[in-house]
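Residues per chain are reported as follows:
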Amino acid sequence: MPEEEEEDDKEDETRGHRCKKKEDVGVAKDDIGPCTLAQCARYESKNVSFAKQICPDSKSACAKLTCPPGKDGLPGVNGLNGEKGDRGAPGLPGIAGPTGPQGERGPAGPRGEKGESGNPVEITSLNRRLGTLESKLEQYAKALTFFKDITIAGDKIYVTKGAQGNYKDGKAECTNGRGQLATPQNALENKAVQEIAAQYKVFPFLGITDIDTEGTFRYPDGKTISYSNWAKGEPNNDKGVEDCVEMYFDGYWNDKNCDEKRLIICEY
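The structure reproduced in this document is the subject of the present report. Everything quoted here is computed from the prediction, not taken from an experiment.

Calculation notes
- Residues numbered from 1 in each chain as written.
- Predicted model: local features only at pLDDT ≥ 70, side-chain atom pairs only at ≥ 80, totals over all residues.
- Heavy atoms only, no water.
- Helix = DSSP H or I, 4+ residues; strand = E, 2+ residues; numbered from the N terminus.
- Buried < 20%, exposed > 50% of the residue type's maximum accessible area, 1.4 Å probe, protein only.
- Areas by Shrake-Rupley, 256 points an atom, 1.4 Å probe, with all protein chains shown as cover.
- Expected span 1.5 Å × (residues − 1).
- Arc of directions from axis to C-beta.
- Contact = heavy atoms within 4.5 Å.
- Polar contact = N/O pair within 3.5 Å; in protein donor to acceptor, adjacent residues only side chain to side chain.
- Pairing = 2+ DSSP bridges.
- Axes fitted to C-alpha atoms, helices over the stretch in contact; angles between N-to-C directions.

## Structural notes on the overall build of the protein
Then, in step 1: When helices and strands are tallied, the protein shows six helices and nine strands.
Then, in step 2: Each of the 268 residues in the protein was classed as buried or not, and the buried ones make up 27%.
Then, in step 3: Of the roughly 19,900 Å² that the protein leaves accessible, carbon and sulfur atoms contribute 51%.

Written out as structure tokens, the structure reads:
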């Protein structure tokens, strides 16, 4: 054997004994500790029984060798892209955005099915009520024929027989006919009453007075008037007895004694 190999064997044997005395370095008995794989191979090739003494539970000392981990290597090259995964579950709804502009009107939908026939009892009741209304209209029409003049202003009707009377007489006559003395509440109605007065050339009494409170003129229902057309300087309550209102031919108003006789014009 060459001299160089003998020196290696002695060195390996020495290291082997150092491995065997593992208690000195705090390594478990069944672990090799500081022995290297190359040394293990040499022990096994040179002296198998010696290697088994180091690792008695193994057929080969190399089978039980444990070496400390080496340093981490450099990162490897990125691998190829994997296959596309399954679609994930939908996320939570986001915050509602602002309301958009109104869209164009869509086309008309199909015509609906024909509805069921109405209740015969309800139809009969409606027909009866319509008949009653028609009868009353005919009655009113006949009643109106007794008046000489009829004037319409908006939804108001003004009628007169041409009769005259004081305020109390006129109020009673119009009330009996389910109306009231002419009480214009705007310029259009005022003009309608004026035309009748001008035609008969008699001032009419209006349904406006301050009988309850001097200076506060009210409608027949007690409400304060909202429209007026007083002549210049009126109302003046001349001699303290003018609580009623008459209309001149030009449409202006004047307060007047209620006992005077004036044209009776009723309002419906």
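Back to the write-up after that little detour.
## Quick word on helix α6 (residues 187-200)
Then, in step 1: Taking 1.5 Å of rise per residue, the 14 residues of α6 would be expected to cover 20 Å, and the 20 Å separating its terminal C-alpha atoms lies within 8% of that figure.
Then, in step 2: Along α6, the residues classified as buried are Glu189, Asn190, Ala192, Val193, Ile196 and Ala197. The arc enclosing the buried residues of α6, seen along the axis, measures out at 160 degrees, which places them on a common side. In α6, the exposed residues that point more than 90 degrees away from the buried face are Ala187, Leu188 and Gln199.
Then, in step 3: Residues of α6 that are buried sit in contact with β1 (149-153), β2 (156-160), β5 (205-209), β6 (244-247), β7 (253-256) and β8 (262-263).
Then, in step 4: Between a side-chain oxygen at the N-terminus of α6 and the backbone nitrogen of leucine 188 the separation is 3.1 Å; the capping residue is asparagine 186.
Then, in step 5: Following α6 by one or two positions, lysine 201 adopts a phi angle in the positive range, close to 55 degrees.

## Description of the pairing of β1
Then, in step 1: Only one face of β1 is buried, namely the one carrying Asp149, Thr151 and Ala153, since none of Ile150 and Ile152 on the opposite face is buried.
Then, in step 2: Sheet topology places β1 next to β2; five bridges connect them, and they run antiparallel. Within β2, the position partnered with alanine 153 by the bridge is lysine 156.
Then, in step 3: The hairpin turn running from β1 into β2, its antiparallel successor, is two residues long, and glycine 154 in that turn takes a positive phi close to 65 degrees.

## Focus: the sheet that holds β6
Then, in step 1: The three strands are arranged β5-β6-β7 in an open sheet whose pairing can be described as antiparallel. The strands lining the two open edges of the sheet, one partner per strand, are β5 and β7. Sheet twist, expressed as the average angle between the axes of neighbouring strands with direction ignored, equals 35 degrees.
Then, in step 2: Two strands pair when backbone bridges link them, and β6 and β7 are joined in this way by four bridges, in the antiparallel orientation. Following the sheet pairing, glutamate 246 is matched in β7 by asparagine 254.

## Some words on the sheet that holds strand β4 (residues 180-181)
Then, in step 1: Taken in spatial order, the four strands make up an open sheet running β1-β2-β9-β4, and their pairing is antiparallel. At either margin of the open sheet sits one strand with a lone partner, and together these are β1 and β4.
Then, in step 2: Of the pairings in the sheet, the one linking β4 to strand β9 (residues 266-267) comprises two bridges and is antiparallel in character. Bridging from a neighbouring strand, glutamine 180 pairs with glutamate 267 of β9.
Then, in step 3: Sitting on the sheet, α6 touches β1 and β2, and the angle it makes with β1 is about 160 degrees.

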